[in-house]
Amino acid sequence: MVRNLNLDPIRAQGRLKQVQAIKTSAIGEPIPPPGGWQPLEDVKDPHVQELGKFAVSEHNKEAKVDLQFGEVKKGEFEVVSGTLYRLLITATNHGNASDYNVDVYEENRTKIKMLTSFTKA
């Protein structure tokens, strides 16, 4: 049976946005709608700090250096086919602290991470 609901297009679009806004991942975490950079609300969150540590560890392997992770100072994220994080971190090299801009991609379903950029700020 087909019903003609005669939905007002503006109201229908609003409802679609509400549904998109409450999508969740397989483990129940909210997933924002794709596209556009959004600020990270809590850079002290353990997951965000872990992403910073991961970036330093991967950079150390690739560049054959020995930076020591300090902290994530600020960041933003964008949902694409996974989540791309753009972070400003502090790392220490032989006692000298410096800031670095890093990009880490994380696949939402598998949580596999990949360092895509690591540059001195």
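It should be noted that the structure appears before, not after, this text.
For the rest of this paragraph, the subject is the pattern of salt bridges. In the structure shown here, the tally under the stated rule is five salt bridges. Residues Glu71 and Lys44 are paired through a salt bridge, measuring 2.8 Å at the closest nitrogen-oxygen approach. With a gap of 27 residues between them, Glu71 in strand 2 (residues 68-79) and Lys44 in the loop between strand 1 (38-39) and helix 2 (46-63) connect regions that are remote in the sequence. Residue Lys44 is classed as exposed on the basis of its relative accessible area, which comes to 55%. One salt bridge in this structure joins Arg86 and Asp103, with 3.6 Å as the shortest N-O distance. Residue Arg86 is found in strand 3 (residues 83-93), and its partner Asp103 is found in strand 4 (residues 96-106); the two are separated by 17 residues along the sequence. Classification of Arg86 as partly exposed rests on a relative accessible area of 35%. Overall, Asp103 belongs to the buried group, its relative accessible area being 15%. Overlapping salt bridges bring together Glu76, Arg86 and Asp103 as one network.

Quick notes on the rules
Residues numbered from 1 in each chain as written. Predicted model: local features only at pLDDT ≥ 70, side-chain atom pairs only at ≥ 80, totals over all residues. Heavy atoms only, no water. Salt bridge = Lys/Arg side-chain N within 4 Å of Asp/Glu carboxyl O. Helix = DSSP H or I, 4+ residues; strand = E, 2+ residues; numbered from the N terminus. Buried < 20%, exposed > 50% of the residue type's maximum accessible area, 1.4 Å probe, protein only.

Interpretation in functional terms is not warranted from these geometric data alone.
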